[in-house]
Amino acid sequence: MMLISCSEHNKTKIILTGYENQDTVIYNTNTVDYYMGYNDLADYCKKEDNGEPNDFTFRQILEYLKSYTGKPVLIPDTLGTKFEKGSKVTFTESDSLIRIRDQEHPYAYVTDELRWIIIEFAKKGKLKIYAKNIDSFVDTIIIDKVETKDFGEINLTFTNDSIFFSQLRWIR
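Being a predicted model, the structure only gives us computed values, none of them experimental.

Caption draft 1: View of the sheet that holds strand 10 (residues 151-157). Read across the sheet, four strands follow the order 1-9-10-11 without closing on themselves; strand pairing throughout is antiparallel. Here the strands that pair on one side only, and so sit at the sheet edges, are strand 1 (8-15) and strand 11 (163-171). When the angles between neighbouring strand axes are averaged without regard to direction, this sheet yields 15°. Where strand 10 and strand 11 come together, seven bridges link them in antiparallel fashion. Among the inter-strand pairings, G152 is bridged to a residue of strand 11, identified as W170.

In structure tokens, the structure reads:
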């Protein structure tokens, strides 16, 4: 029996330099916290917002940043979500609660767009990443761009190759 890998990994080592002289925005997840500069994030969102009515995610981020009264600005990965019975979402008999996007929430799409922003900021090293499992900031990460004939994804890994972030880019 022979196994052939169909995936191609393009790995880039990134030294995280973070940001200076600006307030902090923290995107909080279960495994890591992503620290970004407030001005960097706001400027990025202003640049990317094309003003079209259906392209509102960058405006949602800017509105959230402006509305947050504390410092640093905290964005939980559960922002804009709600719990729902599995049976209402998956059409099974499950009474388990699952987390889904709350379409009525004013910031329903903030975390979706932040996942793409994290990738862009990581490429430039404009992040600080706090790894909760080691209770410390990491200064070096690997961006692993995976391209196959069926899908493309980007993974962020620690230098020991453990994945802490994965974003599907496309699927056939």
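Right, picking up where we left off after that structure.
Caption draft 2: Up close: the packing of aromatic side chains. On inspection of all chains with the given rule, the structure shows eleven aromatic pairs. Between the aromatic rings of Y34 and F165, the centroid separation amounts to 6.1 Å while the plane-to-plane angle is 80°, which identifies the pairing as edge-to-face. Of the two residues, Y34 sits in strand 3 (residues 32-37) while F165 sits in strand 11, which places them 131 residues apart along the sequence. We classify F165 as buried; its relative accessible area is 3%. When the ring of F158 is compared with that of F164, the centres are 4.4 Å apart and the planes differ by 25°; the resulting orientation is stacked. You can call F164 buried: its relative accessible area is 10%. Members of the aromatic cluster, joined through ring pairs, are Y27, Y34, F158, F164 and F165. Sitting over the face of the ring of Y19, K128 holds its NZ or CZ atom 4.9 Å from the ring centroid.

Caption draft 3: Region of the structure containing the environment of G125. You can see G125 is positioned in the loop between helix 4 (110-124) and strand 7 (128-131). Residues G125 and D139, spaced 14 residues apart in sequence, show a C-alpha to C-alpha distance of 9.2 Å. Filtering out sequence-adjacent residues up to four positions away, G125 remains in contact with I14, I15, L16, T17 and G18.

Caption draft 4: Structural view of helix 2 (residues 57-67). For helix 2, the set of buried residues is T57, F58, Q60, I61, L62, Y64 and L65. Contacts made by the buried residues of helix 2 are with strand 2 (24-28), helix 1 (38-48), strand 4 (73-76) and helix 4.

Caption draft 5: Up close: the side chain of D33. Its location among the elements puts D33 in strand 3. Within the local environment of D33, its side chain forms a polar contact with the side chain of K132, the two groups lying 3.4 Å apart. For D33, the contacting residues outside a window of four places in its chain are I26, Y27, N28, K128, I129, Y130 and K132.

Caption draft 6: Just the sheet that holds strand 8 (residues 136-138), in detail. Reading across the sheet, the five strands line up as 4-2-3-7-8 and stay open at both edges, with mixed pairing between neighbours. If you trace the sheet from one side to the other, it starts and ends with strand 4 and strand 8, each paired once. For this sheet, the mean inter-axis angle between neighbouring strands, taken without regard to orientation, is 25°. Summarising the sheet, strand 2 and strand 3 pair through five bridges and their orientation is antiparallel. Bridge pairing links I26 to Y35 in strand 3.

The rules behind each value
- Residues numbered from 1 in each chain as written.
- Predicted model: local features only at pLDDT ≥ 70, side-chain atom pairs only at ≥ 80, totals over all residues.
- Heavy atoms only, no water.
- Pairing = 2+ DSSP bridges.
- Helix = DSSP H or I, 4+ residues; strand = E, 2+ residues; numbered from the N terminus.
- Axes fitted to C-alpha atoms, helices over the stretch in contact; angles between N-to-C directions.
- Phe/Tyr/Trp six-rings, centres within 6.5 Å; stacked < 30°, edge-to-face > 60°.
- Buried < 20%, exposed > 50% of the residue type's maximum accessible area, 1.4 Å probe, protein only.
- Lys NZ or Arg CZ within 6 Å of the ring centre and 35° of its normal.
- Contact = heavy atoms within 4.5 Å.
- Polar contact = N/O pair within 3.5 Å; in protein donor to acceptor, adjacent residues only side chain to side chain.

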